[in-house]
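Observations on the three-dimensional arrangement
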Amino acid sequence: MAFDWEQKKKRKPLDKKSAKLKAADFCAYQERSQQQVRDKLYDYGLHYDEVEDVLSDLIIEGFLSETRFAKAFAGGKFRVKGWGRRKIVQGLKQHKISENCIKIGLAEIPAEDYYKTLIRHAEKKLPMIKGDNSYVIRGKLTQHLVMKGFEGELIKEVITGIMEK
């Protein structure tokens, strides 16, 4: 049976107490950003004042923390997906995380591991690149590493080291 969008729209809005309990479960399952929870509360049919009240209650009760979310997001995206700092920052900004919390989240990434990950990405991609000369190969490898979210100066340094080998 196909999902009925009309039925979703007609769903009865939750009262503030029920919505708070559901939001607490939502937050307990995994770290969430305030924006994710805010969107979920609006989906439950709450209005602005109710949403902000529930959010403040969840923060006070420890279910919701921007700092914890930033740390989990940055650490996870780096360790699991191998993202660079620039891409992680972009992802955190999409979640409307503050600059201070972004800095705290990025501090979760050890500099040595970050550099090793960049080298690993470069060494893995290099054999797959087809090109006539080293200039074309460097350009394609740089483009790949930029898409992964790494910084230009580090990319240049790593590519120079790899191409000399």
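Note: the structure precedes this text.
All residue numbers refer to position in the chain's written sequence, counted from 1. Local features are withheld for residues below a pLDDT of 70 in this predicted model, meaning they are given only at 70 or higher, and side-chain atom pairs are given and counted only at 80 or more; totals for whole chains, interfaces and linings count all residues. To obtain the side-chain values, all non-hydrogen atoms of the structure were included, while hydrogens and water were left out.

1. Some thoughts on the overall build of the protein chain
- Starting at the N terminus, helices and strands are each numbered in turn, a helix being any DSSP run of H or I of at least four residues and a strand any DSSP run of E of at least two. Across its full length, the protein chain carries 10 helices and zero strands.
- Principal-axis analysis of the C-alpha atoms places the extent of the protein chain at approximately 65 × 40 × 20 Å.
- Remark: exposure states derive from per-residue accessible area (1.4 Å probe, protein chains only) relative to the maximum for the residue type, with buried under 20%, exposed over 50%, and partly exposed in between. Buried residues in the protein chain amount to 34% of all 165 residues.
- Note on contacts: a residue pair is in contact if any heavy atoms of the two residues lie within 4.5 Å. Across the protein chain, every contact between residues at least 6 apart in sequence was considered, and the portion connecting residues at least 24 apart equals 63%.
- Accessibility throughout is a Shrake-Rupley quantity obtained with a 1.4 Å probe, and a residue counts as covered only by protein chains that appear here. On the protein chain, roughly 10900 Å² of surface is accessible, and the fraction owed to carbon and sulfur atoms is 53%.
- Here the protein chain contributes 33 positive and 24 negative side-chain charges, whose respective centroids are spaced 6 Å apart. In this charge count, Lys and Arg are treated as positive and Asp and Glu as negative; neither His nor the chain ends contribute. Taken as the charge centre is NZ of Lys, CZ of Arg, CG of Asp or CD of Glu, depending on the residue.

2. A few points about unusual backbone geometry
- Even without glycine at this site, Lys 96 takes up a positive phi of about 60 degrees.
- Within the secondary structure layout, Lys 96 lies in the loop between α6 (85-94) and α7 (99-106).

3. What about the pattern of salt bridges?
- Salt bridge, as used here: a side-chain nitrogen of Lys or Arg that lies within 4 Å of a carboxyl oxygen of Asp or Glu. Counted under the stated rule, the structure contains eight salt bridges.
- Linking Asp 57 and Lys 20 is a salt bridge whose minimum nitrogen-to-oxygen distance equals 3.7 Å. Of this pair, Asp 57 sits in helix α4 (residues 48-60) while Lys 20 sits in helix α2 (residues 16-29), placing them 37 residues apart in sequence.
- When its relative accessible area of 27% is taken as the criterion, Asp 57 is described as partly exposed.
- Look at Lys 20 and you get partly exposed, because its relative accessible area is 22%.
- For the salt bridge of Glu 112 with Lys 116, the shortest nitrogen-to-oxygen distance reads 3.1 Å. Of this pair, Glu 112 and Lys 116 both sit in helix α8 (residues 111-125), four residues apart, roughly one helical turn.
- Among the charged side chains, a salt-bridge network with shared partners connects Lys 20, Asp 57 and Glu 61.

4. Comments concerning the packing of aromatic side chains
- Between 30 and 60 degrees the pair is tilted, below 30 it is stacked and above 60 it is edge-to-face, where a pair is any two Phe, Tyr or Trp rings, Trp via its six-membered ring, whose centres lie within 6.5 Å. The final tally for this structure, using the stated rule, is four aromatic pairs.
- Judged by centre distance (5.2 Å) and plane angle (50 degrees), the rings of Tyr 114 and Phe 150 are tilted. One end of the pair, Tyr 114, is in helix α8; the other, Phe 150, is in the loop between α9 (134-147) and α10 (152-164), with 36 residues separating them in the sequence. The residues Tyr 114 and Phe 150 share a single accessibility class, namely buried.
- An aromatic cluster of at least three residues, connected via ring pairs, comprises Phe 69, Phe 73 and Trp 83.
- Placement of a charge over a ring requires the Lys NZ or Arg CZ to be within 6 Å of the ring centre, with the centre-to-atom vector within 35 degrees of the ring normal. The aromatic ring of Phe 26 is capped on one face by Arg 32, whose charged end is 3.7 Å from the ring centroid.
- Across from the ring centre of Trp 83, 5.0 Å away, lies the NZ or CZ of Lys 77, which sits over that ring.

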